[in-house]
Amino acid sequence: MGKDLYEKFDQAKELFEKANDILGFRITDIMFEGSEEDLKQTQVTQPAIFIHSTVLAELMGEDFKPDMVAGHSLGEFSALVAAKALTFEDGLRLVSKRAIAMQKACELQPSTMAAIIGLDQHAIIDICQNITKDGETVVPANFNNPQQIVISGTKKGIERAVEMMQAMGAKRAVILNVSGAFHSPLMEPARMELQEAIDETDFKQPICPIYQNATAEPATHPMDIKMNLISQLTAPVLWTQSVENMIKDGAEEFIEVGPGNVLQGLVKKINRKMKTSGIQTL
């Protein structure tokens, strides 16, 4: 991850080394040489993706002139740094704090997530509400595209939801290999911990609007951005709605900056007319 950038650009090397100093360990060793298992460690995964994405945006220099930005979950932090609302250093500190706080919240209660494909959104919401009324927490967590919604909650609740959604005719309902119920009320301890860090961090006005996960609406005022970012850990990721609003506000082309091409796939499923591309390597 990012080794080609580190070796080619002094600017990238400087940011990677800065990241090592901030985190207190050489994350570059894991990113460049580590195994998949090494990369999956909580304190590594989120910072690694964040560093890779923000370094790429930084290296675009004058070419990075978006009319609007958005990021999916963790990606919202990268988008805020790329759009100059947050410094690289502050963004990384928050991401590291977020990863550790989320891990601690996961350890408090057995919880998980499941991807539901090909079932009406209203049916998913109804099932979640009914199971929650019965005492197990289950909520929609990611509205990824009109055909794919991820749900989040207690292990028992998710298992029951998957059975019910399969019976209702979902094309697929798969429990995910994750350590907890992200973007659900079970992340409240992490939200409180992160709020403290966000409150103490200086946010500036971004160079363009950012469409935030918690609202799907464009934000430019630092106080609004902070508030929405605090809500993000316990609120669903309104990705479908964000992309639809960006298109409504004039977006014609989406460029994914960072490792992988998942977001390009989601955008295409939301609106196949959109032009998409990605920047992830030298």
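Above this text sits the structure in question.
This structure is a prediction, so every number in the text was calculated from the model and none was measured. (Residues numbered from 1 in each chain as written. Predicted model: local features only at pLDDT ≥ 70, side-chain atom pairs only at ≥ 80, totals over all residues. Heavy atoms only, no water.)

## Comments concerning the overall build of the protein chain
Inference 1: From N to C terminus, the protein chain includes 13 helices and eight strands.
Inference 2: Principal-axis analysis of the C-alpha atoms gives the protein chain an extent of 55 × 40 × 35 Å.
Inference 3: Buried positions account for 49% of the 282 residues belonging to the protein chain.
Inference 4: Long-range pairs, those at least 24 residues apart, make up 69% of the contacts in the protein chain between residues at least 6 apart in sequence. (Helix = DSSP H or I, 4+ residues; strand = E, 2+ residues; numbered from the N terminus. Buried < 20%, exposed > 50% of the residue type's maximum accessible area, 1.4 Å probe, protein only. Contact = heavy atoms within 4.5 Å.)

## Digging into the pairing of strand S3 (residues 148–154)
Inference 1: Within S3, six of the seven residues are buried, leaving the element largely enclosed by the surrounding structure.
Inference 2: When strand S1 (residues 111–117) meets S3, the two strands line up antiparallel, connected through seven bridges. By the bridge assignment, Ile116 is partnered in S3 with Ile149.
Inference 3: The sheet contact formed by strand S2 (residues 138–145) and S3 spans six bridges and is antiparallel. Note that in S3 the partner of Asn145 across the bridge is Gln148.
Inference 4: Hairpin remark: S2 followed by S3, antiparallel, with two residues in the connecting loop. (Pairing = 2+ DSSP bridges.)

## Quick word on the side chain of Arg191
Inference 1: Of note, Arg191 is situated in helix H10 (residues 188–199).
Inference 2: The exposure class assigned to Arg191 is buried, which follows from its relative accessible area of 18%.
Inference 3: Excluding residues within four positions of it along the chain, Arg191 makes contact with Ile230, Leu233 and Thr234.

## Regarding unusual backbone geometry
Inference 1: Positioned with a positive phi, Lys84 is a non-glycine residue whose angle comes to about 70 degrees.
Inference 2: The exposure class of Lys84 is partly exposed, given its relative accessible area of 47%.
Inference 3: With a phi close to 65 degrees, Ala216 is a non-glycine residue in the positive phi region.
Inference 4: Looking at where Ala216 falls in the secondary structure, it is placed in the loop between strand S5 (210–211) and strand S6 (218–219).

## Notes on the packing of aromatic side chains
Inference 1: Taken as a whole and assessed by the stated rule, the structure comprises four aromatic pairs.
Inference 2: Three or more aromatic residues joined by ring pairs make a cluster, and in this case those are Tyr6, Phe16 and Phe32. (Phe/Tyr/Trp six-rings, centres within 6.5 Å; stacked < 30°, edge-to-face > 60°.)

## Examining the environment of Val55
Inference 1: Here Val55 is to be found in helix H5 (residues 42–59).
Inference 2: As for Val55 and Ala181, which are separated by 126 residues in sequence, their C-alpha atoms are 29 Å apart.
Inference 3: In this structure, Val55 is in contact with Leu5, Ala12, Leu15 and Phe16, ignoring residues within four places of it in sequence.

## A look at the pattern of salt bridges
Inference 1: This structure, assessed with the given rule, holds 10 salt bridges.
Inference 2: Salt-bridge contacts for Glu17 lead to Arg26; the nearest nitrogen and oxygen are separated by 3.1 Å.
Inference 3: Between Asp90 and Arg93 there is a salt bridge, and its shortest N-O distance comes to 3.1 Å. Taken together, the positions of Asp90 and Arg93, both in helix H7 (residues 88–108) and three residues apart, correspond to about one turn of that helix. (Salt bridge = Lys/Arg side-chain N within 4 Å of Asp/Glu carboxyl O.)

## Some remarks on helix H12 (residues 239–248)
Inference 1: Every buried residue of H12 is accounted for by Trp239, Thr240, Ser242, Val243, Asn245 and Met246.
Inference 2: Looking at the buried side of H12, the elements it contacts are S2, S5, strand S7 (253–257) and helix H13 (262–270).
Inference 3: Looking one or two places after H12, you find Gly250, whose phi comes out positive at around 115 degrees.

## Observations regarding the packing of H10 against helix H11 (residues 222–231)
Inference 1: Interhelical geometry of H10 versus H11 gives an angle of 160 degrees and a closest axis separation of 9 Å. With respect to H11, the axis of H10 lies roughly antiparallel. The hand of the H10/H11 crossing is right-handed. Listed contacts from H11 to Arg191, Gln195, Ile198 and Asp199 of H10 are Lys226, Leu229 and Ile230. (Axes fitted to C-alpha atoms, helices over the stretch in contact; angles between N-to-C directions. Parallel < 35°, antiparallel > 145°, perpendicular 65-115°, else oblique. Left-handed = near helix turned anticlockwise from the far one by under 90°.)

## Some remarks on the nonpolar core
Inference 1: Counting residues in each nonpolar core, the largest one holds 56 residues, and the members touching the most others are Phe16, Phe50, Ile51, Leu80, Phe88 and Phe203.
Inference 2: Looking at which element gives the most residues to this core, the answer is H7, with eight residues.
Inference 3: Non-local contacts of Phe50, meaning those with residues more than four positions away in its chain, are made with Phe77, Ser78, Val81, Phe88, Gly91, Leu92 and Val95.
Inference 4: Core analysis: the next-biggest nonpolar cluster, separate from the first, contains 20 residues, Ala123, Ile151, Ala170 and Leu238 among them. (Core = buried A, V, L, I, M, F, W, Y, C linked by side-chain atoms within 4.5 Å.)

## Quick look at the state of the cysteines
Inference 1: Within this structure, the stated rule accounts for zero disulfides.
Inference 2: Not part of a disulfide, Cys106 finds its nearest cysteine sulfur in Cys128, a span of 18 Å. (Disulfide = S-S within 2.5 Å.)

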